[in-house]
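# Observations on chain architecture
For reference, the chains in residue letters:
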Amino acid sequence: MTTKTTQIPFDNFIASLIKNGYSDEVREFTKSIETKPRMVQDFANSFNRLIGAWVDVLENNEVQPGKLEEAETSNTWDNEHTVMIVSEAIFDSYLELKEFCNANARTLGYFLEFINHHSEVTARIGWIDERPQIGRILWDSLTIEVSDPVIEYVRLAEFFDEVGDEVKYVCDPKPKEQPDPPLYSLHPERFKAFHACAEQIGKIYRQQVDPNTGFLTVPLLNKLMQHACDETNNKVLNYPRRLTLDSPSPSHVIESVEVLSTAYGRFVQAGRQIMKFPPSLIEMLAKTDVDEIPLNLLKTPFSAQYLYFGMQKHLELDEGWFVDGAYVETRGTAGDIRFTITAIPSDRQKSRLWFVIPEPHYTQDFVGEFREKTLATAVYQVFNDNKTTLVKRATGGGGDITQKVSDEFGKMGESMPDALNIVDVSPAMSKQRIEQLTKRHPIYHETLKLVINALCYVTAYPDDIETVWPDETPVKLKAKAEAGNGKESARAKSKLTSMGYVQVHICGKKIDEQRKLIGASTGSHPASHWRRGHWRNQPYGEGRALRKLIWLMPVLVAPNVNNDPENGHIYLVSK
């Protein structure tokens, strides 16, 4: 790095080098220092000192004899149109940054981090907030191809020359994007892959949460959410603010993270049980009435499980997000149950942006008084209770509550941190949630009927469940996991787990095979239709005192022109 004693000779060298504009000599020099950040920074400092001085001379009409040609060099550089002008996209973003900060931010200065990836460069720009607890905030991150990274940096650094501004040039390989997990379609695997806090969440549930009920104490919930919020904040601070200007409120993100984290944690605690239903069975369950089923009739194989249905394109929970399954948890007493519906995006990139795009979901606990209620009654009552609560919140005061909070700190003998303005946004957020609740409720109800039907099927036909490795599983490892000796099998299973593969329980294989055999899924006749099915709470046993669910399955009916037997009958024996 140059010092005061070396600055003048170095400036003289750079002045001689750049006096003829972007020449072959300049290109050769910048190429030679491209991988040497200190020399690049010295060159940038000297270059911009010289250009600035020459511009001042011309503007003030103070050109000394013999210095005119040297001063006019600045015009030569500013008139270049190849690599001399900063990338238009970066420059436009810089202007937007200044405009945004002038209107919204409290800044100590601006920063530029310029990363040379060899064939491409990334320019990260943002502002330094005056509040120490916030610090740097990234505004934008742009990756482009340039022919001369050094000159691109030099010209861009010219805009970050005010007191408090910071610039940095580094050479680093372009980071590789994390690949999608092999079982991306399964929500638990998506959550695990894209949430670094997933491991800590699972650990909390395995070690500290009552496995019978899954209820979290307040201290445990705070501990869990600390991990989730730390990761959320870290990701937000490293994601361009410019891309989040129209994003939903952070409170929606935190709400989504909390709901899905607790559902995932209980799922891990129960042994990561995934139950997959083939499309043929899904089609029949969707055509089975279930609203009159009492919730206390439902039985689940595990204390928590994830039911996977695949993307249901007719059940759009939010724009571009489609229902694909649900977490189902028991709460310790028969009939006490919690459902958390999940959705998968048509654009996979949205799964990675969960910290700015809240993942749509719908969750509900049915406990206590709901045990003996039918599904339809329970869903209707919960919907109205939730809406009534939100309406009350929406009519509250809200607004700036900084003084109120400060007074509360004072009562405790403490002082509130400086430079904080606290605004109660709960009324506005409640109005948004009412709109969201009303919009999602019909989809939720239809999905919940599918979930209840799936649970009824598992309750009635436990023998029609087969545990398998997914089709995507590497063949050789799969064979070792299934047929190897004890140690070999254990090693293969451990390896598959580390690679993102887990076993799943296939439910309804017999139904799937029978439908394929009789061709019940074709419905090729234009007048064919489904006769809806339903569940019967069948008495049996001594004195007919016991009950079991019997599925009167939906039947595909077509016009019978030849007196043939009805198509579509499928038979399973209930336990």
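Residues numbered from 1 in each chain as written. Predicted model: local features only at pLDDT ≥ 70, side-chain atom pairs only at ≥ 80, totals over all residues. Heavy atoms only, no water.

## Considering empty space enclosed by the protein
Just so we agree on the cut-off: Put simply, the grid is 1 Å and covers the protein atoms alone, a cavity is a trapped set of points that fit a 1.4 Å probe, a pocket is an open set with protein on both sides within 12 Å along at least five of seven lines, and lining residues have an atom within 4 Å of a point. Grid points are joined across faces, edges and corners, and a volume is the space filled by probe spheres set on the points. In DSSP terms, a helix is any run of H or I states spanning at least four residues, a strand is any run of E spanning at least two, and both are numbered starting from the N terminus. Put simply, Ala, Val, Leu, Ile, Met, Phe, Trp, Tyr, Cys and Pro go in the nonpolar bin, Asp, Glu, Lys and Arg in the charged bin, and everything else, Gly too, in the polar bin.
Per the stated rule, a full pass over the model turns up 2 cavities of 30 Å³ or more. Lining the largest cavity we find H187, R190, F191, F194, H195, S351 and E359. Per element, the largest residue contribution to the lining of the largest cavity is 4 residues, and it comes from helix α8 (residues 187–194). Across the lining of the largest cavity, the residue classes tally to 2 nonpolar, 3 polar and 2 charged. By volume, the second largest cavity amounts to about 40 Å³. Forming the boundary of the second largest cavity are F191, H195, S256, V257, L260, W354 and E359.

## What to know about the nonpolar core
For clarity, the cut-off: Only buried residues count toward a nonpolar core, which is a set of Ala, Val, Leu, Ile, Met, Phe, Trp, Tyr and Cys residues joined through side-chain atoms within 4.5 Å. The cut-offs for exposure are 20% and 50% of the maximum accessible area for each residue type, with area from a 1.4 Å probe on protein chains only; residues under the lower value are buried, those over the upper are exposed, and the others partly exposed. Contacts are residue-level and defined by heavy atoms, with any inter-residue pair within 4.5 Å sufficient.
Grouped together as the largest cluster of nonpolar side chains are 56 residues, with contacts concentrated most on F277, F339, F366, I452, W535 and W551. Where this core is concerned, the elements lending two or more residues are α12 (279–285), β9 (321–330), β10 (337–345), β11 (362–366), α14 (375–394), α16 (426–460) and β18 (546–552). Top element by residues in this core is α16. It accounts for 14 residues. Among all residues touching F366, those that are not within four sequence positions of it are L295, G335, D336, I337, F339, A378, V379, V382, Y444 and L448.

## Thoughts on the sheet that holds strand β17 (residues 533–540)
The criterion, for reference: What makes two strands pair is DSSP finding at least two bridges between them.
Taken together, the 3 strands give an open sheet; going across it, the order is β6-β17-β18, and neighbouring strands pair in mixed fashion. In this open sheet, the two edge strands, each paired with only one partner strand, are β6 (288–289) and β18. Bridge count for β17 against β18 is 7 bridges, and the pairing is antiparallel. Following the sheet pairing, W535 is matched in β18 by W551.

## Section: the packing of aromatic side chains
Going by this rule: Pairing of aromatic rings covers Phe, Tyr and Trp, the last counted by its six-membered ring, and requires centre-to-centre distances within 6.5 Å; plane angles under 30 degrees mean stacked, over 60 mean edge-to-face, and any other angle means tilted. Sitting over a ring, as applied to charges here, requires NZ of Lys or CZ of Arg to be within 6 Å of the ring centre and within 35 degrees of the ring normal.
For the structure on display, the rule yields 26 aromatic pairs. Ring geometry for F43 against F47: centres 5.9 Å apart, planes inclined by 65°, an arrangement best described as edge-to-face. Here the residue F43 and the residue F47 both occupy positions in helix α3 (residues 37–59), the gap between them amounting to 4 residues, near one helical turn. A relative accessible area of 0% means that F47 is categorised as buried. Sitting above the plane of the F111 ring, R136 keeps its charged end 4.5 Å from the centroid. The ring of Y540 is capped by K548, whose NZ or CZ atom sits 5.1 Å from the centre of that ring.

## Let's talk about the sheet that holds strand β2 (residues 121–129)
Quick reminder of the rule: Whenever a helix is involved, its axis is fitted only over the stretch in contact; in every case the axis is a line through C-alpha atoms, and angles between N-to-C directions fall within 0 to 180 degrees.
The mixed open sheet is built from 4 strands, whose spatial order is β3-β2-β1-β4. Strand pairing shows two members of the sheet lacking a second neighbour, β3 (136–144) and β4 (166–171), which therefore form its edges. Across the sheet, the mean angle separating the axes of adjacent strands is 15° when strand polarity is ignored. Both strand β1 (residues 107–116) and β4 contribute to a ladder of 6 bridges, which runs parallel. Note that in β4 the partner of F111 across the bridge is E166.

## As for the confidence of the model for the chain
To keep it simple, the criterion reads: Across the chain, each position has a pLDDT score giving the predictor's confidence in that residue, from 0 to 100.
For the chain, per-residue confidence averages 84 on the pLDDT scale, and residues scoring 70 or more make up 85% of the total. When the criterion is pLDDT under 50, residues 80–84 qualifies, and its contacts beyond four places in sequence or with other chains add up to 11 contacts. This model gives residues 565–569 a pLDDT under 50, and the stretch forms 15 contacts once residues within four places in sequence are excluded.

## Some details on unusual backbone geometry
The backbone of H118 shows a phi angle near 90°, a positive value even though the residue is not glycine. Summarising the element assignment, H118 is placed in the loop between β1 and β2. Even without glycine at this site, R272 takes up a positive phi of about 55°. Note that R272 resides in the loop between α11 (250–269) and β5 (274–276).

## Details of the pairing of β1
Within a regular beta strand, the side chains point alternately toward one face of the sheet and then the other, so they alternate between its two faces. Taken across its 10 residues, β1 has 8 buried, putting it largely inside the fold. Note: β1 against β2, 9 bridges, orientation antiparallel. Bridge pairing in β2 places F114 opposite A123. Linking two consecutive strands that pair antiparallel, namely β1 and β2, is a turn of 4 residues; a positive phi of about 90° is found at H118 within it.

## Comments concerning the side chain of N453
The following threshold applies: N or O atoms within 3.5 Å of each other form a polar contact, as long as, within protein, one can give a hydrogen and the other can take it, and as long as residues adjacent in sequence are counted only when both atoms are side-chain atoms.
Positionally, N453 belongs in helix α16. Under the relative-accessibility criterion, N453 is labelled buried at 1%. At a separation of 2.6 Å, a polar atom in the side chain of N453 contacts the side chain of W535. Ignoring anything within four residues of it in the chain, the contact list for N453 reads L285, T288, V290 and W535.

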